[in-house]
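# Breakdown of the fold
One-letter residues, chain by chain:
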Amino acid sequence: LPNELLLMIFANLTFTRGWTRVCRRWHGLCQRVKVKVSKDMTLSRWRCYNSGMTVPEKWNGHTASIEALVVGHNNKLYSRSRDNTIRVWSVEDVQCLQTLTGHSSWVWGLAVGLDGTVYSASLDSTVRVWSGVDGSHLETLNGHTQGVRCVVVDRNNLVFSGSFYCTIKVWRRGPTSTTCSRTLRGHTDDVHALALSLDHSVLYSGSWDATIRVWSVSDGIHLRTLEGHTCHVYAAVVAAGDTVFSGGRDLTIRVWRGSDGKLLRTNNHHKDSVFSVTRGLDGTVLSGGGRNDKTVKMWCGQTGLHLGTLDLDSRADAVAVGQ
């Protein structure tokens, strides 16, 4: 059976203590580590899509609400918070390995490059660059005139950062320093989400102006605008092929074809704002809902069909997927 169909079956099963012995393939699909974050300043981990499973672990450390999670190299998890810090966690033994300090305001965006380098975006109008090996501060990228909401990095170490000032800056990392190579303009409100296509040739930017703009990575040309959301766009991710998922304040998950901007599907399963959409390792997409929703939902990355729901005891502002 296709993985999507198997996962849809999982979402409607009640598991017992011996469920992992049923089938090696099913065990492999379900035994992904999913990490979610909530407003109660804790991280939680679970190991199955079934909504009846319990959440076995909560990790404490941050002193203010956690806004995003990124899984990096060597099974490390990075969390960023309104306490102005980034914490580095070991997914294996649930320990906080390090706290990265230096920002003077809330940390909103977080990304990890292919070489393990960590990038953090903050309301202090800067992007900071950190070593993925020892957590040392490598560089501060100055240039934004207002807070920076989001950051992504491509395979060639091009760094993209989106700000409150409606702009996206493109940074090129060199051997000794990083320079701003261009500024992308077009949004009329805060840029809240950035996502790269799977081949890193296209950049998608989601904004509070209710649009997603599509840009060429090579030359910064604006290719098209995806219109359909009725309010702020909070999150975006590219799933299978050029299928784009976006979530926002209008409570919807929208599924687009990136190549021509066609809206393929609108899902209304969440009961509150959608703050996070994340690509899974198996072609699925996970989305986290707000205060009145308290769920993480799973979608087929190709069709956008709803596959299952995990009920939580608090809102899910961010979801990360690790091996």
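Just above sits the structure.
The following refers to the structure shown.

Basis of the calculations
Residues numbered from 1 in each chain as written. Predicted model: local features only at pLDDT ≥ 70, side-chain atom pairs only at ≥ 80, totals over all residues. Heavy atoms only, no water. Core = buried A, V, L, I, M, F, W, Y, C linked by side-chain atoms within 4.5 Å. Buried < 20%, exposed > 50% of the residue type's maximum accessible area, 1.4 Å probe, protein only. Helix = DSSP H or I, 4+ residues; strand = E, 2+ residues; numbered from the N terminus. Contact = heavy atoms within 4.5 Å. Phe/Tyr/Trp six-rings, centres within 6.5 Å; stacked < 30°, edge-to-face > 60°. Lys NZ or Arg CZ within 6 Å of the ring centre and 35° of its normal. Pairing = 2+ DSSP bridges.

The biggest cluster of nonpolar side chains holds 13 residues, and the ones touching the most others in it are F160, I168, L194 and L203. Elements supplying a minimum of two residues to this core: β12 (148-153), β13 (158-163), β14 (168-173) and β16 (191-196). In terms of residues, this core owes the most to one element, β16, which gives 3 residues. The residues contacting L203, other than those within four sequence positions of it, are V152, F160, I168, L184, L194, A195, L196, R213, V214, W215 and V217. Of all hydrophobic cores here, the second largest spans 12 residues; its members include I212, V233, A236 and V238.

Enumeration over the complete set of coordinates arrives at 2 aromatic pairs. Plain terms: the ring middles of W106 and W108 are 6.2 Å apart, the flat faces sit at 55° to each other, and that makes the pair tilted. Since its relative accessible area comes to 9%, W108 is described here as buried. With a centroid separation of 5.1 Å and an interplanar angle of 25°, the aromatic rings of Y234 and F275 are classed as stacked. Here Y234, found in strand β20 (residues 233-238), pairs with F275, found in strand β24 (residues 274-279); they are 41 residues apart in sequence, far enough to count as distant. Residue classification places F275 among the partly exposed positions, given a relative accessible area of 24%. Over the face of the ring belonging to W108 we find R149, whose NZ or CZ atom lies 4.3 Å from the ring centre.

Moving on: the pairing of strand β10 (residues 126-130). Counting buried residues in β10 gives 5 out of 5 residues, a clear majority hidden from the surface. Covered by surrounding structure in β10 are T126, R128 and W130 together with V127 and V129, the residues of both alternating faces. Sheet topology note: the strand β9 (residues 118-122)/β10 ladder contains 4 bridges and is antiparallel. Considered in β10, the bridge of A121 is made with V127. Remark: 3 residues form the turn of the hairpin made by β9 and β10, two consecutive strands paired antiparallel; S125 in that turn has positive phi of roughly 75°.

Everything listed here is a matter of coordinates, which is why it stays silent on function.
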